[in-house]
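Inside the fold
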Amino acid sequence: EVRRVTPESDAELAFEGALRPQSLGEFVGQHKVRRQLQLLLEAAALQSRTPDHILLAGPPGLGKTTLAMIVAHEGQRPLRMTSGPAIQHAGDLAAVLSSLVPGEVLFIDEIHRMARSAEEMLYLAMEDFRVDIMVGKGAGATSIPLELAPFTLVGATTRAGLLPNPLRDRFGFTAHLEFYEPEELHQVLVRAARLLTLAIDDDALGEIARRSRGTPRIANRLLRRVRDYALVHGGAADRTAVRAALELYDVDEQGLDRLDRAVLSAVVERFDGGPVGLSTLAVSVGEEAETIEAVVEPFLVRSGLLSRTPRGRVATVRAWQHLGLAPRTTVGD
Ligand code: ADP
(Lines give C-alpha, C1' and ligand atoms only; values in the text may rest on other atoms or scores of the structure.)
Protein backbone atom coordinates (compact mmCIF):
# COMPACT_ATOMS: atom_id res chain seq x y z
CA GLU A 1 0.00 0.00 0.00
CA VAL A 2 1.15 3.52 -0.76
CA ARG A 3 1.00 4.99 2.68
CA ARG A 4 3.99 7.18 3.08
CA VAL A 5 2.54 10.42 1.78
CA THR A 6 -1.07 9.85 2.72
CA PRO A 7 -2.48 11.71 5.73
CA GLU A 8 -1.11 10.34 8.98
CA SER A 9 -3.61 11.40 11.59
CA ASP A 10 -7.01 12.99 12.13
CA ALA A 11 -5.32 16.32 12.77
CA GLU A 12 -3.51 16.02 9.48
CA LEU A 13 -6.76 15.13 7.71
CA ALA A 14 -8.56 18.14 9.19
CA PHE A 15 -5.65 20.30 8.18
CA GLU A 16 -5.75 19.00 4.61
CA GLY A 17 -9.48 19.54 4.47
CA ALA A 18 -9.12 23.14 5.53
CA LEU A 19 -6.59 23.81 2.79
CA ARG A 20 -8.37 22.11 -0.08
CA PRO A 21 -9.25 24.46 -2.94
CA GLN A 22 -12.99 24.35 -3.66
CA SER A 23 -13.01 25.47 -7.27
CA LEU A 24 -10.93 25.03 -10.40
CA GLY A 25 -10.01 28.71 -10.16
CA GLU A 26 -8.40 28.21 -6.75
CA PHE A 27 -6.59 25.05 -7.83
CA VAL A 28 -2.93 25.91 -8.42
CA GLY A 29 -0.97 24.63 -11.43
CA GLN A 30 -1.93 21.70 -13.71
CA HIS A 31 -3.06 24.24 -16.30
CA LYS A 32 -3.78 21.75 -19.05
CA VAL A 33 -5.77 19.42 -16.84
CA ARG A 34 -7.75 22.34 -15.46
CA ARG A 35 -8.74 23.50 -18.92
CA GLN A 36 -9.63 19.98 -19.97
CA LEU A 37 -11.83 19.50 -16.92
CA GLN A 38 -13.40 22.90 -17.33
CA LEU A 39 -14.48 22.09 -20.87
CA LEU A 40 -15.87 18.73 -19.89
CA LEU A 41 -17.88 20.20 -17.00
CA GLU A 42 -19.19 23.16 -18.97
CA ALA A 43 -20.33 21.01 -21.88
CA ALA A 44 -22.18 18.70 -19.51
CA ALA A 45 -23.82 21.67 -17.78
CA LEU A 46 -24.99 23.14 -21.10
CA GLN A 47 -26.67 19.87 -21.98
CA SER A 48 -27.97 19.29 -18.44
CA ARG A 49 -26.40 15.86 -18.24
CA THR A 50 -23.93 14.20 -15.91
CA PRO A 51 -20.31 14.79 -16.94
CA ASP A 52 -18.37 11.88 -18.46
CA HIS A 53 -16.39 9.58 -16.20
CA ILE A 54 -12.97 10.93 -15.26
CA LEU A 55 -9.76 9.09 -14.42
CA LEU A 56 -7.10 10.97 -12.44
CA ALA A 57 -3.63 9.45 -12.55
CA GLY A 58 -0.47 10.47 -10.74
CA PRO A 59 1.64 10.10 -7.59
CA PRO A 60 0.04 10.66 -4.16
CA GLY A 61 -0.54 14.18 -2.88
CA LEU A 62 -0.84 15.93 -6.24
CA GLY A 63 -4.53 16.81 -5.92
CA LYS A 64 -6.61 13.87 -7.17
CA THR A 65 -9.03 13.85 -4.24
CA THR A 66 -9.20 17.62 -4.36
CA LEU A 67 -10.15 17.56 -8.05
CA ALA A 68 -12.87 14.97 -7.41
CA MET A 69 -14.34 17.28 -4.78
CA ILE A 70 -14.11 20.21 -7.18
CA VAL A 71 -15.94 18.26 -9.91
CA ALA A 72 -18.80 17.72 -7.46
CA HIS A 73 -18.69 21.22 -6.04
CA GLU A 74 -18.58 23.03 -9.39
CA GLY A 75 -21.56 21.06 -10.67
CA GLN A 76 -23.34 21.36 -7.29
CA ARG A 77 -23.60 17.62 -7.16
CA PRO A 78 -23.43 15.36 -4.13
CA LEU A 79 -20.22 13.40 -3.69
CA ARG A 80 -19.73 9.84 -2.49
CA MET A 81 -16.23 8.71 -1.61
CA THR A 82 -14.88 5.19 -1.39
CA SER A 83 -11.69 3.37 -2.30
CA GLY A 84 -10.54 0.30 -4.20
CA PRO A 85 -9.38 -1.58 -1.10
CA ALA A 86 -12.86 -1.11 0.45
CA ILE A 87 -14.43 -2.92 -2.50
CA GLN A 88 -13.49 -6.55 -1.98
CA HIS A 89 -16.59 -8.09 -3.57
CA ALA A 90 -18.97 -7.18 -6.35
CA GLY A 91 -21.63 -6.87 -3.65
CA ASP A 92 -19.74 -4.02 -1.97
CA LEU A 93 -19.85 -2.09 -5.21
CA ALA A 94 -23.48 -2.98 -5.93
CA ALA A 95 -24.43 -1.53 -2.54
CA VAL A 96 -22.72 1.76 -3.32
CA LEU A 97 -23.98 2.02 -6.90
CA SER A 98 -27.59 1.23 -6.09
CA SER A 99 -27.75 3.94 -3.45
CA LEU A 100 -26.45 6.77 -5.65
CA VAL A 101 -28.79 9.68 -6.26
CA PRO A 102 -29.19 11.12 -9.78
CA GLY A 103 -26.15 13.15 -10.83
CA GLU A 104 -24.02 12.07 -7.89
CA VAL A 105 -20.24 12.04 -8.25
CA LEU A 106 -18.72 8.74 -7.12
CA PHE A 107 -15.06 8.99 -6.19
CA ILE A 108 -13.11 5.73 -6.05
CA ASP A 109 -9.59 6.30 -4.78
CA GLU A 110 -6.93 3.68 -5.59
CA ILE A 111 -9.30 2.23 -8.13
CA HIS A 112 -6.62 -0.19 -9.35
CA ARG A 113 -6.98 -2.10 -6.09
CA MET A 114 -10.64 -2.98 -6.48
CA ALA A 115 -11.66 -6.68 -6.66
CA ARG A 116 -11.75 -8.12 -10.16
CA SER A 117 -15.40 -9.18 -9.87
CA ALA A 118 -16.36 -5.60 -8.95
CA GLU A 119 -14.40 -4.26 -11.91
CA GLU A 120 -16.59 -6.22 -14.27
CA MET A 121 -19.73 -4.90 -12.63
CA LEU A 122 -18.36 -1.41 -12.95
CA TYR A 123 -17.96 -1.70 -16.76
CA LEU A 124 -21.68 -2.12 -17.25
CA ALA A 125 -22.54 0.48 -14.62
CA MET A 126 -20.32 3.07 -16.30
CA GLU A 127 -21.65 2.35 -19.75
CA ASP A 128 -25.36 1.75 -19.25
CA PHE A 129 -26.04 2.90 -15.65
CA ARG A 130 -27.15 -0.64 -14.95
CA VAL A 131 -25.88 -3.63 -12.96
CA ASP A 132 -26.79 -7.27 -13.08
CA ILE A 133 -27.31 -8.68 -9.62
CA MET A 134 -26.77 -12.44 -9.32
CA VAL A 135 -29.38 -14.20 -7.27
CA GLY A 136 -29.14 -17.82 -6.13
CA LYS A 137 -26.43 -20.37 -6.77
CA GLY A 138 -25.59 -23.13 -9.24
CA ALA A 139 -28.14 -24.16 -11.88
CA GLY A 140 -30.90 -22.02 -10.38
CA ALA A 141 -28.86 -18.80 -10.40
CA THR A 142 -30.33 -15.91 -12.32
CA SER A 143 -29.26 -12.36 -12.84
CA ILE A 144 -31.62 -9.50 -12.19
CA PRO A 145 -30.91 -6.24 -14.01
CA LEU A 146 -31.03 -3.16 -11.81
CA GLU A 147 -31.29 0.38 -13.17
CA LEU A 148 -28.96 2.93 -11.61
CA ALA A 149 -29.22 6.70 -11.33
CA PRO A 150 -26.93 8.43 -13.83
CA PHE A 151 -23.66 9.26 -12.07
CA THR A 152 -20.16 10.47 -12.80
CA LEU A 153 -17.35 8.18 -11.74
CA VAL A 154 -14.11 9.87 -10.76
CA GLY A 155 -11.41 7.24 -10.36
CA ALA A 156 -7.98 7.95 -8.94
CA THR A 157 -4.91 5.82 -9.35
CA THR A 158 -1.22 6.18 -8.73
CA ARG A 159 -0.65 3.85 -11.65
CA ALA A 160 -2.91 4.10 -14.69
CA GLY A 161 -0.91 1.28 -16.28
CA LEU A 162 -2.33 -1.18 -13.76
CA LEU A 163 -5.93 -0.69 -14.87
CA PRO A 164 -7.31 -3.25 -17.27
CA ASN A 165 -7.96 -1.78 -20.71
CA PRO A 166 -11.73 -2.28 -20.67
CA LEU A 167 -11.91 -0.15 -17.52
CA ARG A 168 -9.52 2.52 -18.78
CA ASP A 169 -11.47 2.77 -22.05
CA ARG A 170 -14.69 3.61 -20.24
CA PHE A 171 -13.42 6.89 -18.89
CA GLY A 172 -14.26 9.85 -21.11
CA PHE A 173 -11.13 11.63 -20.00
CA THR A 174 -7.89 10.68 -18.25
CA ALA A 175 -5.93 13.43 -16.52
CA HIS A 176 -2.26 12.78 -15.85
CA LEU A 177 -1.20 14.95 -12.94
CA GLU A 178 2.40 16.15 -13.01
CA PHE A 179 4.70 17.15 -10.18
CA TYR A 180 4.46 20.89 -9.43
CA GLU A 181 7.13 23.47 -10.15
CA PRO A 182 8.63 25.26 -7.13
CA GLU A 183 6.86 28.50 -8.15
CA GLU A 184 3.52 26.68 -8.10
CA LEU A 185 4.20 25.16 -4.70
CA HIS A 186 5.15 28.62 -3.55
CA GLN A 187 1.64 29.75 -4.51
CA VAL A 188 0.13 26.77 -2.67
CA LEU A 189 2.13 27.74 0.42
CA VAL A 190 1.24 31.43 0.29
CA ARG A 191 -2.40 30.42 0.22
CA ALA A 192 -1.95 27.91 3.07
CA ALA A 193 -0.06 30.40 5.23
CA ARG A 194 -2.84 32.93 4.68
CA LEU A 195 -5.60 30.45 5.56
CA LEU A 196 -3.71 29.39 8.68
CA THR A 197 -2.88 33.04 9.54
CA LEU A 198 0.75 32.07 9.81
CA ALA A 199 3.42 34.74 9.80
CA ILE A 200 6.20 33.35 7.68
CA ASP A 201 8.47 35.24 5.35
CA ASP A 202 8.40 34.75 1.61
CA ASP A 203 11.98 33.60 1.49
CA ALA A 204 11.14 30.76 3.84
CA LEU A 205 8.13 29.75 1.74
CA GLY A 206 10.36 29.65 -1.33
CA GLU A 207 12.78 27.35 0.44
CA ILE A 208 9.97 24.98 1.50
CA ALA A 209 8.55 25.03 -2.04
CA ARG A 210 11.90 24.05 -3.49
CA ARG A 211 12.23 21.09 -1.14
CA SER A 212 8.73 19.60 -1.24
CA ARG A 213 9.17 16.87 -3.85
CA GLY A 214 6.94 18.74 -6.28
CA THR A 215 3.97 17.73 -4.10
CA PRO A 216 1.39 20.09 -2.52
CA ARG A 217 0.61 17.67 0.31
CA ILE A 218 4.27 17.58 1.29
CA ALA A 219 4.61 21.36 0.97
CA ASN A 220 1.68 21.87 3.34
CA ARG A 221 3.06 19.32 5.74
CA LEU A 222 6.53 20.85 5.82
CA LEU A 223 4.91 24.23 6.41
CA ARG A 224 3.38 22.80 9.57
CA ARG A 225 6.70 21.41 10.75
CA VAL A 226 8.36 24.78 10.20
CA ARG A 227 5.58 26.47 12.11
CA ASP A 228 6.11 23.98 14.97
CA TYR A 229 9.80 24.70 14.93
CA ALA A 230 9.33 28.46 15.13
CA LEU A 231 6.75 28.02 17.87
CA VAL A 232 8.90 25.79 20.04
CA HIS A 233 12.09 27.76 19.53
CA GLY A 234 10.33 31.08 19.89
CA GLY A 235 11.95 32.46 16.75
CA ALA A 236 10.67 33.74 13.45
CA ALA A 237 9.45 31.37 10.74
CA ASP A 238 12.30 32.31 8.43
CA ARG A 239 14.80 30.55 6.21
CA THR A 240 16.90 29.51 9.21
CA ALA A 241 13.89 27.82 10.79
CA VAL A 242 13.15 26.08 7.48
CA ARG A 243 16.71 24.76 7.23
CA ALA A 244 16.70 23.49 10.81
CA ALA A 245 13.23 21.92 10.65
CA LEU A 246 13.88 20.20 7.34
CA GLU A 247 17.17 18.84 8.55
CA LEU A 248 15.44 17.45 11.61
CA TYR A 249 12.91 15.67 9.41
CA ASP A 250 15.56 14.30 7.04
CA VAL A 251 14.57 16.33 4.02
CA ASP A 252 17.69 17.15 2.04
CA GLU A 253 18.66 20.10 -0.16
CA GLN A 254 16.79 18.74 -3.16
CA GLY A 255 13.78 17.64 -1.16
CA LEU A 256 14.66 13.95 -1.08
CA ASP A 257 13.45 12.18 2.05
CA ARG A 258 14.93 9.16 3.79
CA LEU A 259 13.30 6.58 1.57
CA ASP A 260 14.30 8.44 -1.59
CA ARG A 261 17.89 8.47 -0.41
CA ALA A 262 17.77 4.84 0.75
CA VAL A 263 16.65 3.79 -2.73
CA LEU A 264 19.21 5.96 -4.45
CA SER A 265 22.11 4.79 -2.32
CA ALA A 266 21.04 1.14 -2.70
CA VAL A 267 21.22 1.49 -6.50
CA VAL A 268 24.54 3.26 -6.31
CA GLU A 269 26.35 1.48 -3.50
CA ARG A 270 24.87 -2.01 -3.41
CA PHE A 271 24.25 -2.47 -7.12
CA ASP A 272 27.09 -0.35 -8.40
CA GLY A 273 24.76 2.08 -10.13
CA GLY A 274 22.49 -0.57 -11.62
CA PRO A 275 20.74 -1.80 -13.60
CA VAL A 276 18.72 -3.38 -10.82
CA GLY A 277 15.19 -4.78 -10.95
CA LEU A 278 12.32 -3.27 -8.98
CA SER A 279 11.67 -6.25 -6.70
CA THR A 280 15.35 -6.68 -5.83
CA LEU A 281 15.53 -3.01 -5.03
CA ALA A 282 12.37 -3.14 -2.91
CA VAL A 283 13.72 -6.04 -0.84
CA SER A 284 17.04 -4.34 -0.32
CA VAL A 285 15.44 -1.22 1.20
CA GLY A 286 12.69 -3.17 2.99
CA GLU A 287 9.79 -1.40 1.30
CA GLU A 288 6.84 -2.50 -0.85
CA ALA A 289 7.61 -2.63 -4.56
CA GLU A 290 4.40 -0.69 -5.19
CA THR A 291 5.54 2.17 -2.96
CA ILE A 292 8.90 2.32 -4.70
CA GLU A 293 7.28 2.34 -8.10
CA ALA A 294 4.40 4.73 -7.40
CA VAL A 295 6.00 7.13 -4.92
CA VAL A 296 9.79 7.05 -4.97
CA GLU A 297 10.69 6.40 -8.58
CA PRO A 298 8.54 9.02 -10.28
CA PHE A 299 10.22 11.73 -8.23
CA LEU A 300 13.76 10.40 -8.64
CA VAL A 301 13.24 10.05 -12.37
CA ARG A 302 11.83 13.52 -12.69
CA SER A 303 14.75 14.90 -10.65
CA GLY A 304 17.17 13.34 -13.13
CA LEU A 305 18.66 11.04 -10.50
CA LEU A 306 17.36 7.72 -11.73
CA SER A 307 16.52 6.34 -15.12
CA ARG A 308 14.42 3.35 -16.06
CA THR A 309 15.85 1.04 -18.68
CA PRO A 310 14.55 -2.27 -20.05
CA ARG A 311 17.15 -4.04 -17.88
CA GLY A 312 16.28 -2.20 -14.68
CA ARG A 313 16.83 1.01 -12.75
CA VAL A 314 20.07 2.89 -13.30
CA ALA A 315 21.54 5.74 -11.25
CA THR A 316 22.57 8.80 -13.26
CA VAL A 317 25.83 10.69 -12.84
CA ARG A 318 23.87 13.25 -10.86
CA ALA A 319 22.83 10.57 -8.40
CA TRP A 320 26.43 9.74 -7.58
CA GLN A 321 27.18 13.42 -7.19
CA HIS A 322 24.12 13.93 -5.01
CA LEU A 323 25.40 11.25 -2.65
CA GLY A 324 28.83 12.86 -2.66
CA LEU A 325 30.47 10.01 -4.56
CA ALA A 326 32.63 9.91 -7.67
CA PRO A 327 30.65 8.45 -10.58
CA ARG A 328 31.64 5.02 -11.77
CA THR A 329 33.84 5.41 -14.81
CA THR A 330 33.95 1.92 -16.33
CA VAL A 331 30.64 0.55 -17.45
CA GLY A 332 29.94 -3.16 -17.26
CA ASP A 333 32.62 -4.33 -14.83
P1 ADP B 1 -4.18 13.02 -3.81
O2 ADP B 1 -5.64 12.66 -3.75
O3 ADP B 1 -3.64 13.11 -5.19
O4 ADP B 1 -3.33 12.14 -2.93
P5 ADP B 1 -5.07 15.45 -2.46
O6 ADP B 1 -6.10 15.92 -3.40
O7 ADP B 1 -5.55 14.76 -1.22
O8 ADP B 1 -4.01 14.50 -3.21
O9 ADP B 1 -4.17 16.72 -2.07
C10 ADP B 1 -3.35 16.71 -0.92
C11 ADP B 1 -3.30 18.08 -0.30
O12 ADP B 1 -2.63 18.97 -1.18
C13 ADP B 1 -4.66 18.70 0.00
O14 ADP B 1 -4.63 19.25 1.28
C15 ADP B 1 -4.82 19.82 -0.99
O16 ADP B 1 -5.34 20.94 -0.35
C17 ADP B 1 -3.42 20.12 -1.45
N18 ADP B 1 -3.40 20.36 -2.89
C19 ADP B 1 -3.29 19.42 -3.85
N20 ADP B 1 -3.28 19.97 -5.07
C21 ADP B 1 -3.38 21.30 -4.89
C22 ADP B 1 -3.42 22.43 -5.78
N23 ADP B 1 -3.32 22.27 -7.11
N24 ADP B 1 -3.56 23.66 -5.26
C25 ADP B 1 -3.62 23.82 -3.92
N26 ADP B 1 -3.57 22.81 -3.03
C27 ADP B 1 -3.46 21.56 -3.50
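Reading guide: rules and limits
- Residues numbered from 1 in each chain as written.
- Predicted model: local features only at pLDDT ≥ 70, side-chain atom pairs only at ≥ 80, totals over all residues.
- pLDDT = per-residue confidence, 0-100.
- Contact = placed C-beta atoms within 7 Å.
- Near = placed C-beta within 6 Å.
- Helix = DSSP H or I, 4+ residues; strand = E, 2+ residues; numbered from the N terminus.
- Nonpolar A, V, L, I, M, F, W, Y, C, P; charged D, E, K, R; others polar.
- Buried ≥ 20, exposed ≤ 12 C-beta atoms within 10 Å, placed from the backbone.
- Axes fitted to C-alpha atoms, helices over the stretch in contact; angles between N-to-C directions.
- Parallel < 35°, antiparallel > 145°, perpendicular 65-115°, else oblique.
- Left-handed = near helix turned anticlockwise from the far one by under 90°.

**A few points about the confidence of the model for the protein chain**
On average, residues of the protein chain score 92 in pLDDT, and 96% of them are at 70 or above. Here residues 1-5 is a poorly scored stretch, pLDDT under 50, and it has 16 contacts once near neighbours within four places are set aside; other chains count. For this predicted complex, the interface confidence comes out at an ipTM of 0.99, alongside a pTM of 0.92.

**Some remarks on the site of the ligand**
Near the ligand, the surroundings consist of 20 residues, among which Glu16, Gly63, Lys64, Thr65 and Thr66 are the closest. At the level of secondary structure, the elements contributing two or more residues to the shell around the ligand comprise helix H1 (10-19), helix H3 (64-74) and helix H9 (216-233). Partitioning the shell around the ligand into residue classes produces nine nonpolar, seven polar and four charged.

**Looking at unusual backbone geometry**
Cis rather than trans, the peptide bond between Gly274 and Pro275 has omega equal to 5°. Residue Gln30 is not a glycine yet carries a positive backbone phi of 50°. Secondary-structure assignment places Gln30 in the loop between H1 and helix H2 (31-46). With a phi angle near 50°, Gln76 is a residue other than glycine that sits in the positive phi range. For Gln76, the position within the fold is in the loop between H3 and strand S2 (79-83). Its 8 C-beta neighbours within 10 Å are what place Gln76 among the exposed residues.

**Re the packing of helix H7 (residues 182-195) against H9**
Closest axis-to-axis distance for the H7/H9 pair is 10 Å, and the angle between their directions is 45°. Classified by the angle their axes make, H7 and H9 are oblique. Seen from above, H7 lies across H9 with right-handed handedness. The residues of H9 that touch H7, namely those facing Leu185, Val188, Leu189, Ala192 and Ala193, are Pro216, Ala219, Asn220 and Leu223.

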